[in-house]
Amino acid sequence: MLSFFELLLLLLSCLFTLKYLKVIWVTRRLPPGPIPFPVIGNLWTLSFKLHPETLKKLAESYGSIYTVWLGETPLVVLNGYKAVKDGIVSHSEVLSGRPVASFLRDLLRGRGIVMANGHMWKQQRRFGLMTLRNLGLGKSVLESQIQEEARCMADLFTAKKGEPFDPSLILDHAVTNVISAVVYGHRFSIDDVTFKELINCNHCIVENIGSTWARMYDAFPWLMKHIPGPHQAAFRHMNYLNQYTKKEIEIHKQTRLSEEPQDVIDYYLAQIEKSKNEVDSTFNEENLMSVITDLFGAGSETTSTSLLWALLYMVAYPDIQHKVHKELDIVFDGSKLYYEDRKHLPYTNAVIHEILRYGNIAAVGIPRTCIKDFKVRNYSLQKDTMVLANLDSVLYDPQYWKTPNQFNPQNFLDSDGNFLMNEAFMPFSAGSRVCLGEQLARTELFIFFGTLMRSFSFHLPEGVTEVNTKYVYKMTLQPHPYKICAVPR
Ligand code: HEM
């Protein structure tokens, strides 16, 4: 006769065996991949991270479409431009979902834009795009704000008097002020305590999203939700961002002039009123808070990290820096730089594109799900299957780049020195979930980078002879902290 404990153990073993058999059964119809272990799937093989290097090695063994198991959930990874195009470009609508059980989803509460799904996502995304346009994106209004931030940024660089300094805070400040003006309607001074705390929250959240703890959470949300660990800090930081946004919303409610909306909060409050009698409206204060934190979060770290890479590459490749200076000196004679000017600055434009390609800030991208059954190549994927378009594999695809593993603006230039776009340029991803802030980011990068390059030449501090261009893997790929000297030209 079995004791109660032995019976429980037997039952649990049967349950695990059945679950594992189910996993093995499901693998038959999925693209190939490493054999999953019971319970943890391939998390061990992945070193508990979706690291670009690991995904690249797996592609060498299993081909351009393969499956890895995050615990008991399969993730189909698309590698290289062709596979990614066959997925998120050719089946843009079908691959427009986001996973419903994941760390990022719980962090962002499945509302707003980045992790929302279905009708809510469509309404919020459409509103976001329209409001950016209403606030002057693509027109001179927003551009002049960026130019003003660029001027302030250059003043802060000048104040360093050519001495070595870490540029990250100043770059964070400029970029955060642009998105802050868009969403909150105001900027911060660089010494503002709230600004520093908001930046700190963003950094901690990004670091957490890329961590082992987050991958454990993706695999075992029911468990990780309740146990302590560094991942809980991300929820505390998100709460700070939400509380700050809530305060801003309250201030806007009292001070806004409904006929003259100034920022995203104003536009959103007006939209809530406008659609209050529509049964399927998803415009409410909960979503307002999520849209604001989504835009603020997605719109700051990514762009400032790109600029941080930009300056590092300029000291790492002084000949390229010299060519940018030369082009700016010959072509540019105005006092302010406009996004439109990129058309006359093909080399500078190519350098910026190469920074986005080679820096590969968004690493492997954000997983999607298919919203209905669909077929990619010969594989039939069921509704809700998680799919990752590995952006790293596209930006470094050897079939599409002249020198995939080398920083080289020639990747974006023809033999006559004209700017040449490349279809595998996907740092903002593609399809219906393509980065909502792409145009804003491109405008900022051009004006900020161009202004800095016009005003300064960048050097290594005295005695430093080597530049470390290797990345630190967080959710984004970031340079190691560094110091440079900005010498006025
Ligand atoms: C260099 C700067 C940036 C890069 C490299 C970048 C890259 C990306 C990538 C790869 C995605 C994921 C798309 C997918 O699911 O496949 C994304 C999504 C998103 N980005 Fe950006 N981004 C940048 C700047 C911005 C800015 C400035 C904003 C804000 C205005 C922004 C707002 C968003 C939003 C809201 C999403 C979610 C879109 C959705 O799920 O529908 N991004 N971005």
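This write-up is about the structure you can find in this document. (Residues numbered from 1 in each chain as written. Predicted model: local features only at pLDDT ≥ 70, side-chain atom pairs only at ≥ 80, totals over all residues. Heavy atoms only, no water.)

Let's talk about the packing of aromatic side chains
Selection rule: Only rings of Phe, Tyr and Trp enter the pairing, Trp through its six-membered ring, and a pair is recorded when the two centres are within 6.5 Å. The plane angle decides the type: under 30 degrees is stacked, over 60 is edge-to-face, the rest tilted. Only DSSP runs of H or I with at least four residues qualify as helices, and only runs of E with at least two residues qualify as strands; both kinds are numbered from the N terminus onward. Only protein chains enter the calculation, and the probe is 1.4 Å; a residue is then buried if its accessible area is under 20% of its type maximum, exposed if over 50%, and partly exposed in between.
By the definition in use, this model includes 28 aromatic pairs. Ring geometry for Phe157 and Phe458: centres 6.2 Å apart, planes at 90°, overall edge-to-face. Here Phe157, found in helix α6 (residues 140-158), pairs with Phe458, found in strand β7 (residues 456-459); they are 301 residues apart in sequence, far enough to count as distant. Classification of Phe458 by relative accessible area gives buried; the value is 2%.

Some details on the side chain of His231
Note the following rule: Any two residues having at least one pair of non-hydrogen atoms within 4.5 Å are treated as being in contact.
Here His231 lies in helix α11 (residues 231-255). If we skip the residues at most four places from it in the chain, His231 touches Phe103, Asn208, Trp213, Tyr217 and Met224.

What about the coordination of the iron atom of the ligand?
Condition: Note that water is not among the atoms used; donors are N, O and S atoms within 2.8 Å of the metal (3.2 Å for Na, K and Ca), so sites may look incomplete.
Counting protein donors to the iron atom of the ligand gives just one, Cys435 (SG), placed at 2.3 Å. Counting through the fold element by element, Cys435 comes out in the loop between α16 (391-395) and α17 (438-455).

Considering the pairing of strand β6 (residues 386-389)
The condition is simple: At least two DSSP bridges between two strands are needed for those strands to be called paired.
Of the two faces of β6, both are covered, the one formed by Met386 and Leu388 as well as the one formed by Val387 and Ala389. For strand β2 (residues 73-78) and β6, the ladder comprises four bridges, and the chain directions are parallel. When the sheet's bridge partners are listed, Val76 is paired in β6 with Val387. Where strand β3 (residues 368-369) meets β6, two bridges bridge the pair, whose relative direction is antiparallel. Within β6, the residue paired with Arg368 across the bridge is Val387.

Considerations on the sheet that holds strand β1 (residues 65-70)
The strand order β1-β2-β6-β3 describes an open sheet built from four strands, whose pairing is mixed. The open sheet has two edge strands with one neighbour each: β1 and β3.

What to know about the packing of α6 against helix α7 (residues 168-183)
We apply this condition: Note on definitions: angles span 0 to 180 degrees between N-to-C directions of axes, and those axes are lines fitted to C-alpha atoms, for helices only across the stretch in contact. Each angle gets one of four labels, with under 35 degrees taken as roughly parallel, over 145 as roughly antiparallel, 65 to 115 as roughly perpendicular, and the rest as oblique. Note: crossing handedness is left-handed where the near helix turns anticlockwise from the far helix by less than a right angle, and right-handed where it turns clockwise. Lys, Arg, Asp and Glu make up the charged group, whereas Ala, Val, Leu, Ile, Met, Phe, Trp, Tyr, Cys and Pro make up the nonpolar group; the residues left over, Gly among them, are polar.
It is the contact of α6 with α7, at a shortest axis distance of 10 Å, that shows an interaxial angle of 155°. The angle between α6 and α7 falls in the class roughly antiparallel. Seen along the crossing, α6 lies across α7 with a hand that is right-handed. Residues Leu142, Gln145, Ile146, Glu149, Met153, Leu156 and Phe157 of α6 form the contact with α7, whose own contacting residues are Ile170, Leu171, His173, Ala174, Asn177, Val178, Ala181 and Val182. Tallied by class, the residues present in the contact of α6 with α7 amount to 11 nonpolar, three polar and one charged.

Geometry only, nothing functional implied.
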